[in-house]
Amino acid sequence: MLASRVFSLVGRRSICTSLCLRAHGHAGVVKAEDYTLPVYVDRRDMPLPEVAFVRDLSAQQKALKEKEKASWTALSVDEKVELYRIKFNETYAEMNKGTNEWKTVLGGVLFFLGLSGVILIWQKHFMYGPIPHTFSEEWVSAQTKRMLDMRVNPVEGISAQWDYEKNEWKK
Amino acid sequence: MRRLLARRMKFHLFGAFFVSLGCAALYKFGIAEPRKRAYAEFYKNYDPMKDFETMKAAGVFECAPPK
């Protein structure tokens, strides 16, 4: 309620957007911003884009456009190509052509993987302390023996790989 | 560009069907069947009491010492 009172006090006129402010100097017609106009796109599934590629034609191109209004058999091949290039940016062949970007991507990925590897090696060498004693040879073999005695994973796992008769790993 | 979507869709529909079928078949005959066979083999001649005695002798049971 109060807000509407303030609104009427201030007056609707003075609440303008910047575009409106600009329009006040141009007889009330706002120039359309570029981003509001239809754009040209090179897309496989859009054969006829909304606008032609070349927006502002040179004098030569304007003359060609005039010639286009007459019979098309009078046009030379070069003129036809020029008319095409006015209307479109890339041909379908150019559009669908692959690039060599994948090499850059692959190279970048491998480079950063290598860099991470270097960092990890540096860390292991200079930063980390000793590993726990439970990773020593004796401990691991005693651990494995206990696992086999307990018959851990006897169907498909570790105990299935051990030959209990011959007391060795299965071949 | 004629029938672009139809062509692409047909290709991908077939592809998806056969790829998923292939994955399922691969899993069944690569993993599931061998696993079932391994379990059948294991339990064919399994004697739990003998297994218990050997484990007991090895000394892994806290409540059933080797003696």
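Residues numbered from 1 in each chain as written. Chains lettered and ligands numbered in written order. Predicted model: local features only at pLDDT ≥ 70, side-chain atom pairs only at ≥ 80, totals over all residues. Heavy atoms only, no water.

Caption draft 1: Representation of the UniProt feature "transmembrane region" (unreviewed entry) in chain A within the structure. Using the residue numbers shown here, the UniProt feature "transmembrane region" (unreviewed entry) corresponds to residues 104-122 of chain A. For residues 104-122 of chain A, the helix share is 100%, the strand share is 0%, and the end-to-end C-alpha distance is 27 Å. (UniProt positions renumbered as here; feature names shortened; annotations may be inferred. Helix = DSSP H or I, 4+ residues; strand = E, 2+ residues; numbered from the N terminus.)

Caption draft 2: Quick peek at the packing of helix 3 (residues 59-68) of chain A against helix 4 (residues 77-87) of chain A. Residue and element names in this part refer to chain A. Where helix 3 meets helix 4, the closest approach of the two axes is 11 Å, and the angle between their N-to-C directions is 110°. One finds that helix 3 runs roughly perpendicular with respect to helix 4. Where helix 3 abuts helix 4, its residues Q61, L64, K65, K67 and E68 lie against E79, E82, L83 and I86. Across the contact of helix 3 with helix 4, the residue classes tally to 3 nonpolar, 1 polar and 5 charged. (Axes fitted to C-alpha atoms, helices over the stretch in contact; angles between N-to-C directions. Parallel < 35°, antiparallel > 145°, perpendicular 65-115°, else oblique. Contact = heavy atoms within 4.5 Å. Nonpolar A, V, L, I, M, F, W, Y, C, P; charged D, E, K, R; others polar.)

Caption draft 3: Molecular detail of unusual backbone geometry. Residue and element names in this part refer to chain A. The backbone phi angle of R151 is positive, close to 60°, even though this residue is not glycine. Its location among the elements puts R151 in the loop between helix 7 (137-149) and strand 1 (162-163). For R151, a relative accessible area of 16% translates into the label buried. (Buried < 20%, exposed > 50% of the residue type's maximum accessible area, 1.4 Å probe, protein only.)

Caption draft 4: Region of interest: the side chain of T144 of chain A. All names here are of chain A. Residue position: T144 is located in helix 7. Polar side-chain contacts of T144 include one of 2.6 Å to the backbone oxygen of V140. Here T144 is in contact with I158 and W169, once residues within four sequence places are set aside. (Polar contact = N/O pair within 3.5 Å; in protein donor to acceptor, adjacent residues only side chain to side chain.)

Caption draft 5: Seen up close, the packing of aromatic side chains. Tallying each qualifying case throughout the model produces 11 aromatic pairs over all chains. A centroid spacing of 4.9 Å and a plane angle of 40° characterise the contact between Y84 of chain A and F88 of chain A, whose relative ring orientation is tilted. Given the relative accessible area of 32%, Y84 of chain A is considered partly exposed. Site record: aromatic cluster; members linked through ring pairs are F14, F17 and F18 of chain B. (Phe/Tyr/Trp six-rings, centres within 6.5 Å; stacked < 30°, edge-to-face > 60°.)

Caption draft 6: Broad picture of the interface of chain B and chain A. Every contact between the two is made by 11 residues of chain B and, on the other side, 11 residues of chain A. For the chain B and chain A pair, buried surface summed over both sides reaches about 1,000 Å², with 66% attributable to carbon and sulfur atoms. Three residues stand out in chain B for area buried against chain A, namely M1, F42 and V60 of chain B, and they jointly supply 42% of the buried area on that side. Taken together, the links from chain B to chain A amount to 2 salt bridges. For the salt bridge of R35 of chain B with E156 of chain A, the shortest nitrogen-to-oxygen distance reads 3.1 Å. Listed by contribution, the elements that provide at least two residues to the side of chain B that touches chain A are helix 1 (4-44) and helix 2 (48-58) of chain B. Here the side of chain B that touches chain A takes 5 residues from helix 1 of chain B, the largest share from any one element. Taken together, the residues that form the side of chain B that touches chain A break down as 8 nonpolar, 1 polar and 2 charged. (Buried area = accessible area lost by both parts, 1.4 Å probe. Salt bridge = Lys/Arg side-chain N within 4 Å of Asp/Glu carboxyl O.)

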